[in-house]
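Chain and residue survey
One-letter residues, chain by chain:
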Amino acid sequence: MPTSFERVQLPLIFPLGRFATLTRAGSHVAYEISPAATSPSSPSPSPPTSASTATIPPLVYYCLPGLGDLRHSFRFLAPRLHAELGAAVVCQDLRGFGDSGTEFSSFEMEDLAGDVLAVLDTENIRTPVTIVGNSVCAAVAILLAADHPDRVASIITLGGFFRDVDNGLDAPPALVPLSNMWVRTLTPLLLNRLFGPTLWPPAYRSFFKRPPTDQPTVSSALALSLTADRRRVDSIAGLILASKRAAWDRRTAVRQPALVVVGSLDPDSRDPEGEAEALRSEMAESGYAEVAVVEGCGHYAQAEEPEAVLEAIKRFLIQTRAAAVVQNGATSL
C-alpha cells in the first residue's frame, strides 16, 4: 500500500466490521466487510471476525458505488441489509476513489470486475454473491453475472448506466456520432487535474433529487479528497470514457435473477422507467428480471431512499424464490 495513503475523513459504514485494502495493479482497492452475519432483524451484530475464521453465510451482498462516488453511498442501505436480511455485506471503493489508491492507469469495466473477484478470493468468499451496482457499476454487475455465473447469485442495479453513448437509447441515430464526439472531447477538457476538483462536486450534487440530511458532509469529504490528490479526477474521466459495450452486449447472457432499480427523476436518463423496462424485458428472455421504480428519487436511490430500496430487495427475494420453485417444478416434470 502506498506510504501516502490517508483515509477519507468519514466514519466506517460498519464500526464493528472490518476495513481492508488489497493490492491491485500497482495500487490498492479499499473495502469494508460487515460484522459476522446475524439472524434477520437481530439488534445486536456479532463482533468482527478475521478473514481466516469468518463463516460467510449464503446471503452475501457486494456493493459498488458509481463513478466519482464513495462506498459511503451505501451507508444507509448496507447496515439494513446486514441487520434485516442477516446478510454479510461488502462495500468497496472503486479504483481511484475514496480509500482506494490513485496509481491506477486502467479503468475498464473488466478491470473493475477483476477487482471484485480478487476481493472475493482474498476473503475466501466462495458462495455466489449478489452484486449491487450503482450507475456505471451496473455494467460491472452484468459482466460478472454473465462471465462468472458460479460467483454471482443475482444482480441489483441502481440507476444503472450500462452502455456507451454510441449505442445508447437517448440520442437519435443521426446524432449519436456527434454525442459521442462531444463526450470524448469535453471529458478530458473539463475533468482534468486543473478543473476537475472544482467541477465534479457540483455535478455530483446535481444527480440527487432527495439528498439525505448528512449529504453535505459526504460531499465535502469527496471534494476534499479530490483536491488532496488530483489524480482522483483521472479516475472519473477514465470511467466515463471506459467502454461499457461488452456489458451491454452481454446483457441477454445473464441467467441469474436481476432487479433493476431506478429513480423516477434520475437525471442521468431522459426516460428512466422506459430504459429500465427495456433492459428488464431483454434480460427476462434468459432469466428472471423485474423493475422497481423509486418515485421522486434521483440517481442515488441507495442514499436517497434506502428504505424503499430495501423493500424492493425484499420483494425481489420473495419473487426469485417463488420463480425458482416454479422452475424446479417444471424441470422435474
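Now for a description of the structure that goes with this document. These numbers were taken from a predicted model, which means no experiment stands behind them.

This brings us to helix H3 (residues 137-147). Most of H3 is tucked away, with 10 of its 11 residues classed as buried. All of the buried residues in H3 are Cys137, Ala138, Ala139, Val140, Ala141, Ile142, Leu143, Leu144, Ala145 and Ala146. Check the buried side of H3 and you find it contacts strand S3 (60-64), helix H2 (109-122), strand S5 (129-134), strand S6 (152-158) and helix H8 (245-249).

This next bit is on unusual backbone geometry. Unlike most non-glycine residues, Asn124 shows phi in positive territory, near 55°. Examined against the element boundaries, Asn124 turns out to sit in the loop between H2 and S5. In this model, Ser135 sits at a positive phi of 55°, which is unusual for a non-glycine residue.

The next subject is empty space enclosed by the protein. Rolled over the atoms, a probe as big as a water molecule pinpoints where empty space is left. Summed over all chains, the structure comprises one cavity of 30 Å³ or more. Roughly 180 Å³ of volume is contained in the largest cavity. What lines the largest cavity is a set of 18 residues, among which Gly160, Phe162, Ser269, Pro272 and Glu275 lie closest to the centre. When residues of the lining of the largest cavity are traced back to their parent elements, those giving at least two are strand S7 (258-263) and helix H9 (272-283). For the lining of the largest cavity, the element with the most residues is H9, which contributes four residues. Taken together, the residues of the lining of the largest cavity break down into 10 nonpolar, four polar and four charged.

In terms of nonpolar packing, the biggest core is built from 69 residues, with Tyr62, Ile131 and Ile155 touching the most fellow members. If you tally residues by element for this core, the top one is H3, at 10 residues. Aside from chain neighbours lying at most four places away, what touches Ile155 is Ile131, Ala141, Ile142, Ala145, Val254, Pro257, Ala258, Leu259, Met283 and Phe316. Cys63, Phe74, Cys91 and Ile156 belong to the second largest nonpolar core, which has 27 residues in total.

Where H2 contacts H3, the axes come no closer than 9 Å and their chain directions differ by 65°. The angle between H2 and H3 falls in the class roughly perpendicular. Along this stretch, H2 crosses H3, giving a crossing that reads as right-handed. Every residue of H3 that contacts H2 at Met109, Glu110, Leu112, Ala113, Val116 and Leu117 is listed here: Cys137, Ala139, Val140, Leu143 and Leu144. Across the contact of H2 with H3, the residue classes break down as 10 nonpolar, no polar and one charged.

This brings us to the sheet that holds strand S2 (residues 27-33). Pairing within the open sheet is mixed, and its eight strands lie in the order S1-S2-S4-S3-S5-S6-S7-S8. The outermost strands of the open sheet, each flanked by one partner alone, are strand S1 (18-24) and strand S8 (289-294). The sheet shows a mean angle of 20° between the axes of neighbouring strands, taken without regard to direction. Where S2 and strand S4 (residues 88-92) come together, three bridges link them in antiparallel fashion. Bridge pairing links Tyr31 to Gln92 in S4.

The rules behind each value
Residues numbered from 1 in each chain as written. Predicted model: local features only at pLDDT ≥ 70, side-chain atom pairs only at ≥ 80, totals over all residues. Heavy atoms only, no water. Buried < 20%, exposed > 50% of the residue type's maximum accessible area, 1.4 Å probe, protein only. Helix = DSSP H or I, 4+ residues; strand = E, 2+ residues; numbered from the N terminus. Contact = heavy atoms within 4.5 Å. 1 Å grid on protein atoms, 1.4 Å probe; cavity = no way out; pocket = protein on both sides within 12 Å on 5 of 7 lines; lining within 4 Å. Points joined across faces, edges and corners; volume = space filled by probe spheres on them. Nonpolar A, V, L, I, M, F, W, Y, C, P; charged D, E, K, R; others polar. Core = buried A, V, L, I, M, F, W, Y, C linked by side-chain atoms within 4.5 Å. Axes fitted to C-alpha atoms, helices over the stretch in contact; angles between N-to-C directions. Parallel < 35°, antiparallel > 145°, perpendicular 65-115°, else oblique. Left-handed = near helix turned anticlockwise from the far one by under 90°. Pairing = 2+ DSSP bridges.

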